[in-house]
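# Geometric and topological summary
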Amino acid sequence: MTTATDTLLRVEKGNAQPEELAAITAILLARAASTPEETPARVPGQAGWRRLERTPGFRAPHSWQG
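Residues numbered from 1 in each chain as written. Predicted model: local features only at pLDDT ≥ 70, side-chain atom pairs only at ≥ 80, totals over all residues. Heavy atoms only, no water.

Broken down by element type, the protein chain carries one helix and zero strands. Residue burial in the protein chain is summarised as follows: out of 66 residues, 0% are buried. Here the protein chain displays about 7100 Å² of accessible surface, and carbon together with sulfur accounts for 57% of that area. (Helix = DSSP H or I, 4+ residues; strand = E, 2+ residues; numbered from the N terminus. Buried < 20%, exposed > 50% of the residue type's maximum accessible area, 1.4 Å probe, protein only. Areas by Shrake-Rupley, 256 points an atom, 1.4 Å probe, with all protein chains shown as cover.)

See below:
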């Protein structure tokens, strides 16, 4: 005997026919099996430029920041 908790899908409202449940199951399985097209590139957390007013006033003569 199959109870409502033994099924994979449950109809919350209305009466779905077995063919309708099979169609939605096929769609969900196809979506789950597909691979994502491309993962979005990670955006760096810091800007690539710097604000000159935030730089320290003194740099050592041997500093690489010249």
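Moving on, we get to a nonpolar patch on the surface. A surface patch of nonpolar side chains, amounting to about 320 Å² of accessible area, comprises Leu9, Ile24, Ile27 and Leu28. Summarising the element assignment, isoleucine 27 is placed in helix 1 (residues 18-33). (Patch = residues over 30% accessible without salt bridge, like charges linked within 9 Å, V, L, I, M, F, W, Y side chains within 5 Å. Salt bridge = Lys/Arg side-chain N within 4 Å of Asp/Glu carboxyl O.)

Along the chain, isoleucine 24 turns up in helix 1. The exposure class of isoleucine 24 is partly exposed, given its relative accessible area of 37%. Put simply, isoleucine 24 and leucine 9 are 15 residues apart on the chain and 9.4 Å apart in space, counted from C-alpha to C-alpha.

Any functional reading would require information that these geometric values do not contain.
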